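Single-letter residue listing:
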Amino acid sequence: MNMIPQIDRRSFVLGTTAVGGGFAFGLNLPFGGPEVVRAQDGSPEVNAWVVIRPDDTVVIRIARSEMGQGTLTGLCQLVAEELECDWSKVTWEYPTPGQNVARKRVWQSFSTGGSRGIRESHEYVRKGGAMAREMLLQAAANQWDVPASECIVDKGVITHKTSNRSTSYGKVAEAAAKLEPPKDVKLKDPKDWKIAGKSMKRLDTPDKVTGKQVYGFDLKLPGMVNAAVKECPVFGGKVKSFDAAKVSGMPGVKKVMKVGETGVAVVADTWWHAKTALDALPVTWDEGEHAKVSSDSIAQWFKEGLDAEQAFVGNQNGDAKGAIASAARKVEAVYFYPYQNHAPMEPMNATARYTPDKCEVWVPSQDGEASFAAVLAASGLPADKCEVYKIHLGGGFGRRGAFQDYVHQAVLIAKEMPGTPVKLLWSREEDMVQGRYHPAMQCKLVGAFDKDNNLTGLHMRLSGQSILATVRPQIVEQQKGRDPLVFQGVADSGEHAFGYTIPNLLIDHSMRNPHVPPGFWRGVNVNQNCIFLECFMDELAQAAGQDELEFRRKFLAKHPRNRGVLEAVAEKVGWGKPAPQGVHRGLAHMKAFGAYVAAAAEVSVEDNGNKIKIHRIVAATDPGYVVNPAQVDRQVAGSFVYGLSGLFLQECTVKDGRIEQTNFDSYDSMRIAHMPKVESILMPTGGTEPWGGVGEPTICVAAPAVLNAYYKATGKRIRSFPLKNHNITFA
Amino acid sequence: MARLTVNGQTHNIDVEPDTPLLWAIRENVGLTGTKYGCGIAQCGACTVHIDGEPVRSCSIPVSAAEGKQITTIEGLAQNGVLHKVQQAWIDHEVPQCGYCQAGMIMAVAALLKQKPRPTDAEINSEITNICRCGTFQQVREAIHAVANA
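Peer 1: Before we move on, could you go through the overall build of chain A and cite the residues and values that matter?
Peer 2: When helices and strands are tallied, chain A shows 19 helices and 28 strands. By the compact-globule yardstick of 27 Å for 731 residues, chain A fits well, its C-alpha radius of gyration being 27 Å. With respect to the principal axes defined by its C-alpha atoms, chain A has extents near 80 × 75 × 50 Å. The buried share among the 731 residues of chain A stands at 63%. Sequence-distant contacts, at least 24 apart, represent 76% of the contacts inside chain A between residues at least 6 apart. Carbon and sulfur atoms make up 50% of the accessible area of chain A, which amounts to about 25,500 Å² in all. Across chain A, the centroid of the 85 positively charged side chains sits 1 Å from that of the 80 negatively charged ones.

As C-alpha cells, this is what we get:
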C-alpha cells in the first residue's frame, strides 16, 4: 500500500503555482476557484488519474508509454474498473514529465520497460480510480443530502434508490473535484472484475489503420526544419574534421554542424535534403582506441573468462565444484549468444524547439522522465523551463527508455537555431550502427552425475558483457563490481528466480565489457540464460538417457508455478504421445519479469537439417493476473517473432571497432511465411505474489524450445547463434 | 518540379526528380501515413499503390510516378467507409505499435484485389513486410476473414 500517490491537493496546487504556471497541462487555475485542478479544456480533475467532462467522457491519465504492447488500454481498464464508469466513454491522455515533476511525481514512474507498465502500477492506478469513484458518489450524496452509502453507481450513473434520483459523473465531477479524497479505499476482488480481465478492444487501433496516427517521424510544427545526424561509427571516437563547404550549397541545406564532440548533423528544409547532404559530407573521424576491436577479439576475451579464477557469484548452494570434481561422469558444453540490435520499425527521432526561456521536446519515449532529464542536461535550462511531449512509439523494445541519445542530439542541434523547431530523424543505417546492443555472452556449463545417473551438481559460468556496468554503474558499484541483472532467470530469488532446485549449484559471471554500448533488448538477459540453461537441461537429460520432461520434473518440486506452465505446454503439445511423421518436439520454461512462461515447439527439418519448419508452438503464461487476455495473447505470439528472428537471423558483428550490419538486408527479421501457429495458454494463478509482466518473458523460451526440437530431429546440438551462421534457415 | 496524382488529387511539388517517391509523399505532398522503415525496399513500410500495383515507394524516384495514379493509406477508404482490409484490421485488432501497418494493409489490399481468396502459400509469397512487434498471426487471420466474408 505504500505505492499510493499522496494526493494532497493543497500541497500540489502550491507546488505547481511555485513553478510559475508555465505548464498549461492540467493547470489552468483560473477556472472555478483555486482548489480545482483542471485539464486543458477546463474539465475538472477528480484526481490526478481521472478527468471527467460535462458530457460524461472519462479521461484517464496514463503515465506509461504505449509502444504496441497494449499497456495504454490495460491501464485504462484498471482505472475504469474501480471507477465504475461507462467503458464506451473512456478516453485517455498522457500527462507530461514536466508536470509530473512539478506535481511531486503524482503519477509516479513513467518508465515503460522491464514489462513493468501494468505490474508495477496496477495497485496505485486502481486506487486512483476507486478514490475518484468515492468522491463522485460523495458529491452526488451531498447534492441530495443523503448518506453516500445509500448511493450506487453503474456505468457512471449514480442512483439513490429510496428517493428515486439519479445523476451522472459528468454532472457531479465539478463538485467531486472540490472534496477531500478518502484516506483509503478497498480494491475490488479481481473475481468481480467486469472491465479489467476482459478482452476489451484496444483504444488506439482505429488511427493505426488509416494513417492518422502521428508517430515522432510524422510530427509537423510551424516553421519546422529537418535534421540528419551521423555519430562516429567507432564507439568512443570523435569528429576530427568535416568539410561543410562541400555540401552547404546543396538543395535545401540550412546548416552543417558538429553535434557535441562525436557527431555531425545537416539541417535542411526537408529530411531527404538533409540526409542527401549528410551522405555527401566529407568527415574525418578520430576513431580512438577501439578501432581495432573485432568480433574475434571480443570472443577470445570472453573465452578466457570461461575458466577465469575471478567471477561474481549470482546463485550458489552446496559445493558445485566439489561435486564436479568427484563426479562419476561430467557433461560439458559451451554456448555463445551474439550482439543484437533492437531495430524498431520507426528509427530513433526527436523534435526540439529551444529558446533561452524554454526547451520543448516531442519524442516517442519509453520513459518520459528520462527524456526530460536529457532535455535538462542538453539544454542547460532548469526543470521549469523544460518540457517533453510524448508520442506513440513505432516500437521500442528497450531502445527508447534508458537511452535518450537522440533527445540529447536534437536539443544540441536546436540550440544552434533558437526558436526554430528541429525534427531529427535517424536513417535506418544510423539506427543499426548506433544501437544499444543486446550484450554478447558466452557460457560454459558443466553437469556432474553420480554412478546412478543422478545429477549431483551444476556449474554455469557466464562470460561476457554487463549492461548495468555501463548503464547503471552505481548499482554495480553498490554490489562491489557485480551486475545482478546478468543472472536474470537464474537468480537465487525474486522476479527472475532460477526455476529448479539442484543440489550443488554455482552460477557465476566473469564480467568483460567491450566498448560496444550494451542495452536492454526486449527480454534482456533471460534471452541468453534460458537458451543456455534449457538447452543444457536437455543435454543432461539425454546424457542420462531420460525423458526431457521427466528429468526436469525431478528438480521442480519446489517450483509449482514453473512446473505448472511446463506441464501445461507438454500436455497440450502431446508430449509423450507420438508426433506426426517427421515432427519433433522441444520444451523450455523460465520465470522472467515475475511471470512464469513455457513453450513447446513442433518442428521438422528439410535439406539435411539446413531448413527448419516450425509447425506449431504452444505457449503458457502465468503472470498471476491478466488484465486483457486478447492483448496478452498478442504479446505472446509476437514474442516468438522477436525471439525467433533473433535465433535464426540476427547478429551484429564488430569489425574495426564498428558494427558491420547497416540495414535489414544484413540484419533480417522474420516474415509472415516463417510464422508458426502459436497456441497461447493463459493460466493466471492469482494469489498475493507480485504480478508478472507479459511484454518480454515469452521471448526467452522461443529459441530453446525450437533448438531442443531441432536436436531431436537431427541429433545436432547447435550452441552458437544465430542459426544463419550454420547455414540453417527457415524452411 | 514534379506533378503527382495522389489519392485522386494532383499536386505540383518542388522536388529533384531523383527524390524517392516516399519522401515526396511525406514531405512535399504532406501525407505521413506512408512510413519510412529502411529506404532499401526490404521492409515494406512504405508500400503504396501505383496504378493499383503495390510498390515500395522508398526505392523509386518521383519521376517514375508522374502521370500515374498513386494511392496511399489515406486514400484507401472511399466516401468515408473504411476499406474491408482496414475494417478487418480493426475487427481482429491486428496492429500493435502500428508503424508498419499502413504498408502491410496496402500490400494486403493489393493481394486481395488480385487473389480474393489467397492460400496460405500465396500469403507467404506475396506479403513480405517486416513487423517487429510480430503481428503476423493476426495479419493472416484477418486476411482469411476478409477472403471468407
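Read on for the rest.
Peer 1: Please set out helix α7 (residues 271–280) of chain A residue by residue, giving values where relevant.
Peer 2: Given 3.6 residues per helical turn, the α-helix brings residues three or four places apart onto the same face. Where burial is concerned, most of α7 of chain A is hidden: seven out of the 10 residues are buried. Those residues of α7 of chain A that fall on the buried side of the exposure criterion are Trp271, Trp272, His273, Ala274, Lys275, Ala277 and Leu278 of chain A. Those residues of α7 of chain A that are buried lie in contact with β8 (225–231), β10 (253–259), β11 (263–268) and β18 (422–425) of chain A together with α1 (21–29) of chain B.

Peer 1: Provide a residue-level description of helix α15 (residues 526–543) of chain A, including the pertinent values.
Peer 2: Residues and elements named next belong to chain A. The terminal C-alpha atoms of α15, which comprises 18 residues, lie 25 Å apart, in line with the 26 Å expected from a rise of 1.5 Å per residue. Among the 18 residues of α15, 16 are classified as buried, and the element is accordingly described as predominantly covered. Where α15 terminates, the next one or two residues include Gly545, which has phi positive at roughly 70 degrees.

Peer 1: Which residues make up the domain arrangement of chain A, and what values go with them?
Peer 2: Residues and elements named next belong to chain A. Partitioning chain A into structural domains gives domain 1 (9–193), domain 2 (218–288 + 348–425) and domain 3 (306–340 + 437–730). Centre-to-centre separation of domain 2 and domain 3, based on C-alpha positions: 38 Å. If you look at the interface, domain 2 gives nine residues, while domain 3 gives 16 residues. Both sides together, the interface formed by domain 2 and domain 3 hides about 930 Å², and carbon and sulfur atoms give 67% of it. Counting the surface domain 2 buries against domain 3, the share from its top three residues, Phe235, Phe397 and Phe403, is 64%. Seen at the junction of domain 2 and domain 3, the total is one salt bridge. The salt bridge partner of Glu287 is Arg658, with a shortest N-O separation of 2.7 Å. The tally of links between domain 2 and domain 3 comes to two residue pairs in polar contact (both at pLDDT 80 or more). Residue composition of the side of domain 2 that touches domain 3, by class: six nonpolar, one polar and two charged.

Peer 1: Describe the pairing of strand β5 (residues 151–154) of chain A, naming the residues involved and giving the relevant values.
Peer 2: Residue and element names in this part refer to chain A. Here β5 shows a clear split, with Cys151 and Val153 buried on one side and none of Ile152 and Asp154 buried on the other. Bridging between β5 and strand β6 (residues 157–160) involves four bridges; their strand directions are antiparallel. Across the sheet, Cys151 pairs through a bridge with His160, a residue of β6. The hairpin turn running from β5 into β6, its antiparallel successor, is two residues long, and Lys155 in that turn takes a positive phi close to 50 degrees.

Peer 1: An account of the domain arrangement of chain B is needed here, citing residue identities and associated values.
Peer 2: Interface size is commonly expressed as the accessible area that is lost once the parts come together. Residues and elements named next belong to chain B. On domain assignment, one finds that chain B holds domain 1 (2–75) and domain 2 (84–147). The C-alpha centroid of domain 2 is placed 21 Å from the C-alpha centroid of domain 1. With 16 residues of domain 1 at the interface, the matching set in domain 2 holds 13 residues. Between the two partners, domain 1 and domain 2, sit zero salt bridges. Of all the elements in the fold, those that place two or more residues in the side of domain 1 that touches domain 2 are β3 (47–50) and β4 (53–56). Broken down by element, the side of domain 1 that touches domain 2 gets its largest block of residues, three residues, from β3.

Peer 1: Go over the sheet that holds strand β19 (residues 441–449) of chain A with me, naming the residues and quoting the values.
Peer 2: All names here are of chain A. Pairing in this open sheet of five strands is mixed, and the strands run β13-β21-β20-β19-β14 from one edge to the other. Single-partner strands in this sheet number two, and they are β13 (312–317) and β14 (329–337). On average, adjacent strands in this sheet sit at an angle of 10 degrees to one another, irrespective of strand direction. Each of β14, β19 and β20 (455–464) touches α15; the most contacted strand, β14, lies at about 150 degrees to it.

So, how was this worked out
- Residue indices follow the written sequence of each chain, beginning from 1 at its first position.
- For this description, chains carry letters from A and ligands carry numbers from 1, given in the order in which they are written.
- Owing to the predicted nature of the model, reporting of local features is limited to residues with pLDDT of at least 70; listing and counting of side-chain atom pairs is limited to 80 or more, with chain, interface and lining totals taken over all residues.
- The basis for every side-chain value is the complete set of non-hydrogen atoms in the structure, without hydrogens or water.
- Secondary structure elements follow DSSP: runs of H or I of four or more residues count as helices, runs of E of two or more count as strands, with numbering from the N terminus.
- We compute the radius of gyration over the C-alpha atoms and compare it with the globule rule, which gives 2.2 Å times the number of residues raised to the power 0.38.
- The buried label applies to any residue whose accessible area, calculated with a 1.4 Å probe on protein chains only, is under 20% of its type's maximum; exposed applies above 50%, and partly exposed to all values in between.
- Between two residues, a contact is recorded if the distance between any of their heavy atoms is within 4.5 Å.
- Shrake-Rupley sampling with a 1.4 Å probe provides the accessible areas, and residues are treated as covered by the protein chains on show and by no other component.
- Counted as positive: Lys and Arg. Counted as negative: Asp and Glu. His and the chain ends are not counted at all.
- One atom stands in for each charge, and that atom is NZ of Lys, CZ of Arg, CG of Asp or CD of Glu.
- By this rule, a helix spans an expected 1.5 Å times one less than how many residues it contains.
- Start and end positions for the domains come from either an automated domain assignment or a database one.
- Simply put, the buried area is the total loss of 1.4 Å probe accessible area from both parts when two parts are fitted together.
- Only one rule defines a salt bridge in this text: a Lys or Arg side-chain nitrogen within 4 Å of an Asp or Glu carboxyl oxygen.
- Counting of polar contacts relies on pairs of N or O atoms within 3.5 Å, with two restrictions inside protein: one atom must be capable of donating a hydrogen and the other of accepting it, and residues adjacent in sequence are counted only when both atoms are side-chain atoms.
- Residue polarity is assigned by list, with Asp, Glu, Lys and Arg as charged and Ala, Val, Leu, Ile, Met, Phe, Trp, Tyr, Cys and Pro as nonpolar; anything else, Gly included, falls into the polar class.
- The pairing criterion for strands is at least two bridges between them, as found by DSSP.
- For helices, the fitted line uses only the C-alpha atoms of the stretch in contact; every axis is such a line through C-alpha atoms, and the angle between N-to-C directions lies from 0 to 180 degrees.

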